[in-house]
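# Tertiary structure, described
Each chain, written out:
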Amino acid sequence: MHLSDALNRLPRVSLLDGPTPIQRLHRLEKALGPALGGVRLSVKRDDLTALGGGGNKLRKLEFLVGDARAQGADTIIAVGGVQSNFARLAAATAATQGMDCELVLAPLVPRAGDEYERNGNVLLDSLFGARLHVLAPGIDATGFAQDRAEALRRAGRVPYVATLGGSTPVGCLGYAACALEVQEQSRALGETFAGIVLPNGSSGTHAGLAAGLKALGDNPALVRGHSVLAPAEAARQATIDKGNATLDLLGVGARLDASDIDVSGDQRGEGYGIVTDAMVEAVRLVARQEGLLLDPVYSGKAFAGLLADVRSGRYRPGDHVLFLATGGVPGLYAYASAFLNG
Ligand SMILES: *Cc1c(COP(=O)(O)O)cnc(C)c1O
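Residues numbered from 1 in each chain as written. Predicted model: local features only at pLDDT ≥ 70, side-chain atom pairs only at ≥ 80, totals over all residues. Heavy atoms only, no water.

Glancing now at the sheet that holds strand 1 (residues 22-24). Ordered by their spatial adjacency, six strands build an open sheet running 1-2-10-7-8-9, and the pairing between neighbours is mixed. Two strands close off the open sheet at either side, each with one partner strand: strand 1 and strand 9 (262-264). In this sheet, neighbouring strand axes are inclined to one another by 30 degrees on average, regardless of whether the strands run parallel or antiparallel. Examined bridge by bridge, strand 7 (residues 195-200) and strand 8 (residues 223-227) share five bridges and lie parallel to one another. Bridge assignment links P199 to a residue of strand 8, and that residue is H226. (Pairing = 2+ DSSP bridges. Helix = DSSP H or I, 4+ residues; strand = E, 2+ residues; numbered from the N terminus. Axes fitted to C-alpha atoms, helices over the stretch in contact; angles between N-to-C directions.)

The feature "domain: Tryptophan synthase beta chain-like PALP" (unreviewed entry), as annotated in UniProt, sits at residues 13-327 in this numbering. Regarding residues 13-327, the helix share stands at 44% and the strand share at 16%, and the terminal C-alpha atoms are separated by 20 Å. (UniProt positions renumbered as here; feature names shortened; annotations may be inferred.)

Neighbouring residues of the ligand: 17 residues in total, closest K57, K60, G201, S202 and T326. A distance of 2.7 Å is found between an oxygen atom of the ligand and a backbone nitrogen or oxygen belonging to G201. Side-chain polar atom of T205 to an oxygen atom of the ligand: 2.7 Å apart, as the coordinates give it. Among the secondary structure elements, those contributing two or more residues to the shell around the ligand are helix 3 (57-70), strand 7 and helix 9 (204-215). A per-class count over the shell around the ligand returns two nonpolar, twelve polar and three charged. (Near = heavy atom within 4 Å. Polar contact = N/O pair within 3.5 Å; in protein donor to acceptor, adjacent residues only side chain to side chain. Nonpolar A, V, L, I, M, F, W, Y, C, P; charged D, E, K, R; others polar.)

As a further point, take the nonpolar core. Core analysis: the biggest nonpolar cluster contains 62 residues, and L7, L61, I76, L103, L209 and L250 have the highest contact counts within it. For this core, the element with the most residues is helix 8 (residues 169-189), which contributes nine residues. Both domains that meet at this core, namely domain 1 (3-55 + 168-339) and domain 2 (72-166), each give it at least three residues. In this structure L7 touches F63, L173, A176, A177, L180 and L250, once residues within four positions along its chain are discounted. Within the second largest apolar cluster, 39 residues are counted, among which are L25, L36, Y315 and A325. (Core = buried A, V, L, I, M, F, W, Y, C linked by side-chain atoms within 4.5 Å. Buried < 20%, exposed > 50% of the residue type's maximum accessible area, 1.4 Å probe, protein only. Domains from an automatic or database assignment. Contact = heavy atoms within 4.5 Å.)

Further remarks concern the pattern of salt bridges. Considering all chains together, one arrives at 20 salt bridges under this definition. Residue E115 is joined to R111 by a salt bridge in which the shortest nitrogen-to-oxygen separation is 3.4 Å. Using a relative accessible area of 22% as the deciding quantity, one classes E115 as partly exposed. Connected via shared salt-bridge partners are K44, D46, R59 and E181. (Salt bridge = Lys/Arg side-chain N within 4 Å of Asp/Glu carboxyl O.)

Right under this line is the structure:
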């Protein structure tokens, strides 16, 4: 079965206003000059999805909330870190669907204080009307979410639990659909991308895109994920597993193997949500050259990885590399102090 037919069989709510633009980074190319070695850079603006401040999680939520509605759910319970973009966008989506939303937020990052705990995504979560459960360290977030769902069920409600980052096979469908979008856009542009670069956190974005490319007969190994959460090998295995679970759900009869998934662990630094110098440099560079905002936890680290790869000669002159801007801009406000001194 063709990927688009397989996707069309599955429940989905529409949260995007059509394809996100692909834009060439001309000024950045000029600023990098000879260091770029003739490589061309473009960005796919998944940060420009309008709802709730935008970002990659809306593609997952189209299918997750579609699934929730198909099950008759009236409440979304989403799990994430304190500054979770997924939680923020689940809250915004629930608002548009007339559903309740509860967020289970775990302290995954060693940061505290008002800017981290009350600004950025947390501020927006409450504006969107979500009920927040901010967990103390050591409490299992998924277990808490299941218990909360059980309590709601006993009260006659119909909850739908969306786990960390929304990276279940259903959530991954959003990026399988994005593979189709990228294929159509690259045809229309008359361009073949030599690489697609993205952050790999809970791995669903990478897994979904790789699954979609595989189903289309394209090469998933062109996607290079920069892990920001798990060590590279664990992230790679999770990406393969989630990608194959997504292909199973689609029923398209393709499989990903180890050689299809490329994950680098070079930009993770000391761990999830922990600032690196290369991330700060990448966020500043792209902001100053292009007026484009990356985020401190995901896309800033991935763009740092792209710059390092370009400088080390990974791509050939004339290659056109596509960076997936995944959003997460509210995170900048939660990390203000990382950018203000210097
Ligand atoms: C969640 C997130 C990612 C990573 O996506 P995964 O599917 O979790 O790997 C990247 N960028 C931003 C801004 C995110 O919020």
